[in-house]
Amino acid sequence: ESGANIVKEGNLTVCTHLPYEPFQYKESGEIVGFDVDLMDLVAKDLGLKQSIVNTPFETIETGQAMNTGKCDIAAAGMTITEERAEVMDFSDPYFDATQALLVKKGAGYDSLDALSGKTLGVQIGTTGEQYAKDNAPEDVELKVFEDLALLTTAVKSGSIDAGINDNSVLYDYVDQNPDTEVSTEFDTGEQYGFAVAKDKNDELLKSVNDVLASAKDDGTYDELFKKYFPN
Ligand code: GLN
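Residues numbered from 1 in each chain as written. Predicted model: local features only at pLDDT ≥ 70, side-chain atom pairs only at ≥ 80, totals over all residues. Heavy atoms only, no water.

Caption draft 1: The arrangement of the sheet that holds strand 11 (residues 162-166) in detail. Taken in spatial order, the five strands make up an open sheet running 10-9-11-8-12, and their pairing is mixed. Here the strands that pair on one side only, and so sit at the sheet edges, are strand 10 (141-145) and strand 12 (180-185). Direction aside, neighbouring strands of the sheet carry axes that sit 30° apart on average. Inspection of the sheet shows strand 9 (residues 119-123) paired to strand 10 by five bridges, in the parallel sense. The residue of strand 10 that forms the bridge with T119 is E141. (Pairing = 2+ DSSP bridges. Helix = DSSP H or I, 4+ residues; strand = E, 2+ residues; numbered from the N terminus. Axes fitted to C-alpha atoms, helices over the stretch in contact; angles between N-to-C directions.)

Below you can see the structure in the form of structure tokens.
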């Protein structure tokens, strides 16, 4: 029995932002993904049922969703950053990522400098948006998108010249959309964490870390990794 604080009896209420394939997305009407499966393990360990709440990423990455009790935990392919760690408590890291650039195949934009005078799509509230703001030349026009699908579709349709986002989600997209490609990665050295309200839920955090550790030990983590990242 855990003494975890939970907002809704019998449930592990999980905030995420859809779609962020393959971490969380809909398939045949059901929400599935790497994060979803990991949260199922946590819920099971606590004798709870996972209940997913689709939430704008800005309200997750500012901690609002967890700190106001909208959900117990955020599972959103979210990078652990110092700034975020001031307003939420992160689990141990569970996934590595870097920023990357998505372009139409053969477009030739393989750096931020190469996008001088062009348009670059960013996803609101993300580390990719921040990286572009900090590193893109001033004459790159940043276009802000609410979610990953809108961003990737804009690249594919040619309405923007490139899009920045995490490498693994872009490689997943390219696999399904071979008329696009990842032209470069930026080696930002990010790590994802699950996050709970600040200073309020050490018990839940401990359960998450225990579940992550045993999933890594007993091969469950590797199985899930192969399931969602087969290449
Ligand atoms: N990993 C990125 C971040 O934390 C993007 C996460 C997302 O869009 N779901 O900002």
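Caption draft 2: The nonpolar core, seen in detail. In this structure, L12, F34, I73, F194 and L204 are the most contacted members of the largest nonpolar core, which totals 45 residues. Counting residues per element, the ones that place at least two in this core are strand 1 (11-16), helix 1 (34-45), strand 7 (95-97), strand 8 (99-104), helix 6 (148-157), helix 7 (167-176), helix 8 (202-217) and helix 9 (220-228). Ranked by residues supplied to this core, first place goes to helix 8 with six residues. Counting contributing residues per domain, this core is built from domain 1 (11-95 + 191-228) and domain 2 (99-185), each supplying no fewer than three. Apart from residues no more than four positions distant in its own chain, I73 is found in contact with L12, T13, V14, C15, M39, M66, F194, A195, V196, L204 and V208. (Core = buried A, V, L, I, M, F, W, Y, C linked by side-chain atoms within 4.5 Å. Buried < 20%, exposed > 50% of the residue type's maximum accessible area, 1.4 Å probe, protein only. Domains from an automatic or database assignment. Contact = heavy atoms within 4.5 Å.)

Caption draft 3: Layout of the packing of helix 1 against helix 8. It is the contact of helix 1 with helix 8, at a shortest axis distance of 9 Å, that shows an interaxial angle of 115°. Crossing geometry of helix 1 relative to helix 8 is assigned as right-handed. Residue-level contacts link L38, L41, V42 and D45 of helix 1 to L204, S207, V208, V211, L212 and A215 of helix 8. (Left-handed = near helix turned anticlockwise from the far one by under 90°.)

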